[in-house]
Amino acid sequence: MKKLFPGVTNQDINKQDQENTARAQFFATQEEIERSMFDIEERERQEQAAILARKREQQEAQAKRDQEINEVQRRRNNAHLLYGNGDTDKLPKRGRNLKFWVAANVQMNVFLFLAYLIIAGEFYDSRFWGVVNEVYDPTPRIRTEKGLAVDVARDKPFFYGNAAFVCAWMVFTACVANGRRKKDKATRQRVKSRHDTIDMMLDIKDEKAYGRRVRLNDKSMEKLINMCPEIISNMSADNRVYFDMLLNGEIEIANNETFKNMAISVMHGHLRAHPEDLKKVMSTFDEKSLVEILSYMYQRGIRR
């Protein structure tokens, strides 16, 4: 066994070993702490990266949904422009009948005043104010014990005649404006119905895209089908999806008359553009049930 270095004792060696052990434990603890801190930071970075990745995915999904919605809306807008823009261009403006009534009465009053000024103005001391006094001021020159109406009729005959004519003209123009208003209301309703029919047909197409049967049992939809067969026919001519849905029994309407009207409109439009598909119609449906559609095709020169 080797001897100790001069001046060094076993206590010194033990103390040195203890210090080395303590130092080793300290460094081990520091390394463990640093390793733990690194793991925490790494987990935080990974969590942050995962959050950012999910956020990007959500943003991309939302952008895709927005793009699809915009594309659907663009197609719908194009369909409305294609099939209903002519009606929209002719849509009467709001308030035009009130403007007509006001303008007609103002013009008539101006015309009457100028006529009085030219014809009867020479009888008054002041042409302008004399006409104003005689035509628009009902106050009689002399009040008697008789009623005011009698005094006015005696002293202001121009006022009486002008008031009667103006009132009659106001009533007449009001009747004309009301007739125009009812006509405009009917026009707006017709335009709205046509555009609602376009939306209905687009909804049917969307339902087909999702693989669902279409049930048009709402009274408002039945009304649109009966009111706007030309819209159904024109849209069916440009897109065969409606024709295929009828052949495959994918459209259902509770009211048989309405169902028949829609089917005829769809067939009219599609066979006008694709007369060769008449064979499919004849092979799918009983010929005895095709009297109306066959009559239409005969009139249009469509043959088997």
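Here the residue index of a chain counts from 1 through its sequence in written order. With the structure being a predicted model, the display of local features is reserved for residues of pLDDT at least 70 and the display and counting of side-chain atom pairs for 80 or more, all residues being used for whole-chain, interface and lining totals. Only hydrogens and water are removed before side-chain values are computed, so all heavy atoms of the structure are retained for them.

Student: Kindly report on the overall build of the protein, identifying the contributing residues and their values.
Tutor: Put simply, DSSP H or I for four residues or longer makes a helix, DSSP E for two residues or longer makes a strand, and each gets a number counted from the N terminus. Looking only at helices and strands, one finds 11 helices and two strands in the protein. Order of helices (α) and strands (β) in the protein, N terminus to C terminus: α-α-α-α-α-β-α-α-α-β-α-α-α. In this description, contact between two residues means that some pair of their heavy atoms is separated by no more than 4.5 Å. Long-range contacts, defined here as pairs at least 24 residues apart, represent 66% of the contacts in the protein between residues at least 6 apart. Carbon and sulfur atoms provide 57% of the accessible area of the protein, an area that totals close to 21,300 Å². Only the protein chains shown count as cover for residues, with accessible areas throughout obtained via the Shrake-Rupley method and a probe of 1.4 Å.

Student: Describe the environment of Asp238, listing the residues and the values that go with them.
Tutor: Summarising the element assignment, Asp238 is placed in helix H7 (residues 229–238). Note on classification: 1.4 Å probe, protein chains only; a residue is buried when its accessible area is under 20% of the maximum for its type, exposed when over 50%, partly exposed between these limits. Given a relative accessible area of 53%, Asp238 falls into the exposed group. For the pair Asp238 and His274, spaced 36 residues apart in the sequence, the C-alpha separation amounts to 9.8 Å. Once residues lying within four places of it in the same chain are set aside, the contact partners of Asp238 are Leu82 and Tyr83. N or O atoms within 3.5 Å of each other form a polar contact, as long as, within protein, one can give a hydrogen and the other can take it, and as long as residues adjacent in sequence are counted only when both atoms are side-chain atoms. Within the structure, Asp238 has its side chain in polar contact with the side chain of Tyr83 (distance 2.5 Å).

Student: I'd like to hear about the packing of aromatic side chains, residue by residue, with values.
Tutor: Here a ring pair, both rings aromatic, is described through the centre-centre distance and the interplanar angle of the planes. Working definition: a ring pair exists when centres of Phe, Tyr or Trp rings (six-membered ring for Trp) sit within 6.5 Å. Plane angles under 30 degrees give stacked, over 60 give edge-to-face, the rest tilted. Here the structure, examined in full by the defined rule, presents one aromatic pair. Measuring from centroid to centroid gives 5.6 Å for Trp169 and Phe172, while their planes differ by 35 degrees, and the two rings are tilted. Placement of the pair is Trp169 and Phe172 together in helix H5 (residues 157–209), with a separation of three residues, close to one helical turn. Residue classification places Trp169 among the partly exposed residues on the basis of a relative accessible area of 25%. When its relative accessible area of 47% is taken as the criterion, Phe172 is described as partly exposed. By the criterion adopted, a ring carries a charge over it if an Arg CZ or a Lys NZ lies within 6 Å of its centre and within 35 degrees of its normal. For Arg180, the ring lying beneath its charged end belongs to Phe100, and the centroid distance is 4.5 Å.

Student: Lay out the packing of helix H6 (residues 219–227) against helix H9 (residues 256–273) in plain terms, naming residues and giving numbers.
Tutor: Angles shown run from 0 to 180 degrees and are taken between the N-to-C directions of axes, each axis being a line fitted to C-alpha atoms and, for helices, limited to the stretch in contact. Viewed as axis vectors pointing N to C, H6 and H9 meet at an angle of 45 degrees, and their least axial separation amounts to 9 Å. The angle between H6 and H9 places the two elements in the oblique class. Between H6 and H9 lies a crossing of left-handed hand. Here H6 contributes Glu222, Ile225 and Asn226 to the contact with H9, which in turn contributes Thr258, Asn261 and Met262. Three categories are distinguished: nonpolar for Ala, Val, Leu, Ile, Met, Phe, Trp, Tyr, Cys and Pro, charged for Asp, Glu, Lys and Arg, and polar for the others, with Gly belonging to the last. Among the residues forming the contact of H6 with H9, the class breakdown is two nonpolar, three polar and one charged. Note on angle classes: values under 35 degrees are labelled roughly parallel, values over 145 roughly antiparallel, values of 65 to 115 roughly perpendicular, and the remainder oblique. Here is the rule for handedness: rotate from the far helix to the near one, and if that takes an anticlockwise turn smaller than a right angle the crossing is left-handed, while a clockwise turn gives right-handed.

Student: Break down the environment of Ile253 for me, citing the residues and quoting the values.
Tutor: By the element assignment, Ile253 lies in the loop between strand S2 (251–252) and H9. Accessibility expressed as a relative area gives 4% for Ile253, which makes it buried.

Student: I'd like to hear about the pattern of salt bridges, residue by residue, with values.
Tutor: Salt bridges are defined as contacts in which a side-chain nitrogen from Lys or Arg sits within 4 Å of a carboxyl oxygen from Asp or Glu. One pass over the structure, following the stated rule, counts six salt bridges. Here Arg96 ties to Asp184 by a salt bridge, and the two come within 2.9 Å at their closest N and O atoms. A residue pair is termed long-range when its members are at least 10 positions apart, and Arg96 in helix H2 (residues 96–119) and Asp184 in helix H5 qualify at 88 residues. Residue Asp184 is classed as buried on the basis of its relative accessible area, which comes to 4%. Put simply, Glu230 and Arg194 hold a salt bridge, and the shortest N to O gap is 2.4 Å.

Student: Outline the nonpolar core, supporting the account with residue identities and numerical values.
Tutor: Among buried residues, those of type Ala, Val, Leu, Ile, Met, Phe, Trp, Tyr and Cys that are joined through side-chain atoms within 4.5 Å constitute a nonpolar core. Ranked by internal contacts, the top residues of the largest apolar core, which has 30 residues, are Met201, Ile204, Met235, Ile251 and Met262. Within the residue set of this core, elements represented by two or more residues are helix H1 (10–89), H5, H7, helix H8 (241–247), H9 and helix H10 (278–284). When residues in this core are grouped by element, the largest group, six residues, is from H8. Leu112, Tyr116, Leu117 and Val131 belong to the second-largest nonpolar core, a separate cluster that totals eight residues.

Student: Please give an account of the packing of H5 against H6 that cites residues and values.
Tutor: Close contact between H5 and H6 brings their axes to 10 Å; oriented N to C, the two are set at 110 degrees. Overall, the two elements H5 and H6 adopt an arrangement that is roughly perpendicular. Considering how the two elements wind past one another, H5 and H6 form a crossing that is left-handed. From H5, Ser193, Asp196, Thr197 and Met200 reach across to H6, where they touch Met221, Leu224, Ile225 and Met227. Taken together, the residues of the contact of H5 with H6 break down into five nonpolar, two polar and one charged.

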